[in-house]
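One-letter residues, chain by chain:
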Amino acid sequence: MNLAGEFHFLEGVQAMNCLNGQQWIFSSVCSLMMAAGLCVMPLFSSIGLAEERPAERPNILLAIADDWAWPHAGAYGDPAARTPTFDRIAREGVLFTRAHVNAPTCTASRGSLLTGQASHRLEEGANLHSRLMAKFRCYPDVQEENGYVIGGMRKGWGPGSLEGTGRKRNPAGPSFKSFEQFLKTVPPDKPFCFWFGTSDPHRPYQKGSGEAAGIDPKRVRVPPFLPDTPTVRSDIADYLFEVERFDRELGEALALLEKAGRLDNTLIIVTGDNGMPFPKAKATCYDAGTHVPLAICWRARVPGGRVVDDFISLTDVAPTILEAAGVEPLPEMTGRSFLNVLLSKKSGRVDSSRDHVFTERERHTCTRPNNASYPIRSIITERWHLIWNLRPQLWPAGNPPEESVGRDYGDIDGSPTWSEMLARKDDPAIRPFFLAAAGAKRPEFELYDLQADPGEMHNLSGKPELAKIENELKARLREWMVSTGDPRALGDTDFWDRAPYYGGEGTIPRKR
């Protein structure tokens, strides 16, 4: 989202302009891919596209990391990230620069991906540690009904409870110890649909693990919404070490596919479920909370070596998977298939209608009186980001110590970064970051110019010269809320406050 320039492959692939003033990513994804030895020309001349061979249902491998955010991959130009498997998939397929989750919190994000629906349509499933009722159909079940062998590993949908949902298994599919174990159950003549879930790079981290593994904190690029200190750099290095571990395990899965002769006809989708677990990222609707990596490869049909700037919501993944399998997307899905983008030979902006995404959140943790949610709705375009904080009277990241009803600032994961920000919150060098993350209540509306202010530190809402733009964004956001049946479109509701919370000990008791 923060890339102001669109990258277009022109013959040998020449990268266009990069974001003005955004120093924390390289100036060109394409040139970096070339510098790393990643060929950016299409790689499929010997394979043939759909027009040249009979249609064959693809296998589906969706790999989802836990708390992995854009742009922390080598293919995006992060100099400290070591992600050769992701980079390979980007090289042999399509690298998306503007992919966003629908919600920046695990349960809701994964629920919206599986159902293809905006999380506000999933009832209590819009909350963390909640339930996803069986009436909300998920793409793995639809695939199974259409002859696919399905399965998943480790973290699927969740965290949450199956109690009273009408489900007998995780919505991501029956659980297997490993992808290798699953593959042994798949008959040679059957397609499969597998959810490759891990808990990396979710906290906690072993402090200093990144540097011990050879990740140099000096090469870490600190995003503009965090203070640049040795503690923060080391913490990001530890996060990148777990990103690397996810990538390595995914590489082992690709090796199994190759050995089984199934790699070419497998639609491989690699992404994350929300922003990095740092202040002003995960659990927020800022760009850093919803912007995630996305690379997709289907060597039998999708022309590779492309970087695409279309906006993709992860609610679009389920209908895309179904369409690729020859199944009509479900009528209740609010996401829409982008198979046309994948099958195109174009780079840059492919589908002109994909010029925005919507994001949202409800309750993350129970850290406010009466288990109150902190609802947000948001629209992101190439330049502008409008955020609507529907309860601006509440603390955005949970209550401070003097008003605490649980863990202080409970929506922010504990970390060395956050501990330092709290300890030094009155330090002039740290205070602006503390206030932006949690130390001040937010206005009802926030408007950011993502080209000039990628860290979203300067709210422009209410500026007379931007009134036309802001009003247009508000109208589009409200139209989406109404058209998708968002209860918030009708006014405030305490539905999500009253929903049970299945987060275990140390939380406010569940309400039933």
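The structure displayed is predicted, hence computed values, not measured ones.

Describing the nonpolar core
Ranked by size, the top nonpolar core spans 62 residues in total, and within it Phe179, Phe196 and Tyr239 carry the most contacts. No other element matches the 11 residues that helix α7 (residues 230-260) contributes to this core.

Observations regarding the packing of aromatic side chains
Going through the model one piece at a time under the given rule, you end up with 19 aromatic pairs. Taking the centre distance of 5.6 Å and the plane angle of 80° together, the rings of Phe96 and Phe338 count as edge-to-face. Within this pair, whereas Phe96 is found in strand β2 (residues 94-100), its partner Phe338 is found in the loop between α9 (317-324) and α10 (339-343), the two being separated by 242 residues in sequence. Taken as a pair, Phe96 and Phe338 share a single burial class, namely buried.

Quick notes on the pairing of strand β12 (residues 445-449)
Burial of β12 is extensive: five of the five residues sit out of reach of the surface. Residue alternation in β12 divides its side chains into two sets, Phe445, Leu447 and Asp449 and Glu446 and Tyr448, and both sets are buried. Relative to β12, strand β11 (residues 384-389) runs antiparallel, the two sharing five bridges. The residue of β12 that forms the bridge with Ile387 is Glu446.

A closer look at the environment of Ala318
Structurally, the position occupied by Ala318 is in helix α9. For the pair Ala318 and Gly116, spaced 202 residues apart in the sequence, the C-alpha separation amounts to 5.1 Å. Among residues more than four places away in sequence, those in contact with Ala318 are Leu113, Leu114, Thr115, Gly116, Tyr139 and Met333.

A look at unusual backbone geometry
Along the chain, Trp70 connects to Pro71 via a cis peptide bond; the corresponding omega equals 5°. Looking at the secondary structure, you find Pro71 in the loop between β1 (59-65) and α2 (84-92). A cis geometry characterises the amide bond from Asp200 onward to Pro201, with omega recorded as 0°. On the secondary structure map, Pro201 appears in the loop between β5 (192-197) and α6 (209-212). One non-glycine residue, Ala283, lies in the positive phi region at around 75°. The topology assignment puts Ala283 in the loop between β6 (266-272) and α8 (287-290).

Description of the pairing of β11
Judged by how many residues are buried, β11 sits mostly within the fold: six of six residues are covered. Where burial is concerned, the two faces of β11 agree: the one with Trp384, Leu386 and Trp388 and the one with His385, Ile387 and Asn389 are both buried. Where strand β10 (residues 376-381) folds back on β11, the antiparallel hairpin that results is connected by two residues.

With respect to the sheet that holds β2
Working definition: the strands of a sheet are paired by backbone hydrogen bonds and lie parallel or antiparallel to each other. Spatial ordering of the open sheet is given by β4-β3-β5-β1-β6-β7-β2-β8, a layout of eight strands whose pairing is mixed. On the outer flanks of this sheet lie β4 (175-176) and β8 (306-313), each paired with one strand and no other. Relative to β4, strand β3 (residues 149-153) is paired through two bridges, and the arrangement is parallel. Across the sheet, the residue bridging to Met153 is Phe176, located in β4. Along the sheet face, helix α3 (residues 106-115) touches β1 and β5 and points at about 165° away from the line of β1. Set on the sheet, α7 makes contact with β1, β5 and β6; between it and β1 the angle comes to about 170°.

Points about the side chain of Asp411
Tracing the backbone shows Asp411 in the loop between β11 and α11 (416-423). Only 2.5 Å separates the side chain of Asp411 from the side chain of Thr365, close enough to count as a polar contact.

Focus: the sheet that holds β10
What the four strands build is an open sheet, ordered β9-β10-β11-β12; its pairing is antiparallel. Where the open sheet ends on each side, the last strands, each with one partner, are β9 (356-361) and β12. The sheet shows a mean angle of 15° between the axes of neighbouring strands, direction not considered.

A word on α9
Among the eight residues in α9, seven count as buried, and that is most of the element. Packing partners of the buried residues in α9 comprise β1, α3, α4 (139-145), β6, β8 and α10. After α9 finishes, the residue Gly326 shows a positive phi value of roughly 80°.

What about the confidence of the model for the protein?
Residues of the protein with pLDDT of at least 70 account for 88%, and the chain-wide mean is 90. Counting contacts from residues 1-54, a segment whose pLDDT is below 50, to residues more than four positions away or on other chains yields 138 contacts. Low pLDDT (under 50) marks residues 505-512, which in the prediction has 16 contacts with non-local residues, meaning those over four places away or in another chain.

Section: the packing of α7 against α11
At a minimum axis separation of 8 Å, α7 and α11 run at an interaxial angle of 160°. The angle between α7 and α11 places the two elements in the roughly antiparallel class. For the crossing formed where α7 meets α11, the hand is left-handed. Residues Thr231, Val232 and Asp235 of α7 lie in contact with α11, whose contacting residues are Pro416, Thr417 and Glu420. Classifying every residue of the contact of α7 with α11 by side-chain character gives two nonpolar, two polar and two charged.

Here's the deal with the pattern of salt bridges
Overall, the coordinates contain 45 salt bridges when judged by the stated rule. For Arg245, the salt bridge identified is with Glu242, shortest N-O distance 3.3 Å. Linking Arg245 with Glu242, this pair stays in helix α7, spanning three residues, or about one helical turn. Relative accessible area serves as the criterion here: at 28%, Arg245 is assigned to the partly exposed category. On the basis of relative accessible area, Glu242 is assigned to the buried category, the value being 7%. Linking Glu362 and Arg377 is a salt bridge whose minimum nitrogen-to-oxygen distance equals 2.9 Å. Pair noted here: Glu362 is in the loop between β9 and β10 and Arg377 is in strand β10, with a separation of 15 residues, a long-range link. Arg377 matches Glu362 in its accessibility class, with the two residues each being buried.

Criteria and cut-off values
Residues numbered from 1 in each chain as written. Predicted model: local features only at pLDDT ≥ 70, side-chain atom pairs only at ≥ 80, totals over all residues. Heavy atoms only, no water. Core = buried A, V, L, I, M, F, W, Y, C linked by side-chain atoms within 4.5 Å. Buried < 20%, exposed > 50% of the residue type's maximum accessible area, 1.4 Å probe, protein only. Helix = DSSP H or I, 4+ residues; strand = E, 2+ residues; numbered from the N terminus. Phe/Tyr/Trp six-rings, centres within 6.5 Å; stacked < 30°, edge-to-face > 60°. Pairing = 2+ DSSP bridges. Contact = heavy atoms within 4.5 Å. Axes fitted to C-alpha atoms, helices over the stretch in contact; angles between N-to-C directions. Polar contact = N/O pair within 3.5 Å; in protein donor to acceptor, adjacent residues only side chain to side chain. pLDDT = per-residue confidence, 0-100. Parallel < 35°, antiparallel > 145°, perpendicular 65-115°, else oblique. Left-handed = near helix turned anticlockwise from the far one by under 90°. Nonpolar A, V, L, I, M, F, W, Y, C, P; charged D, E, K, R; others polar. Salt bridge = Lys/Arg side-chain N within 4 Å of Asp/Glu carboxyl O.

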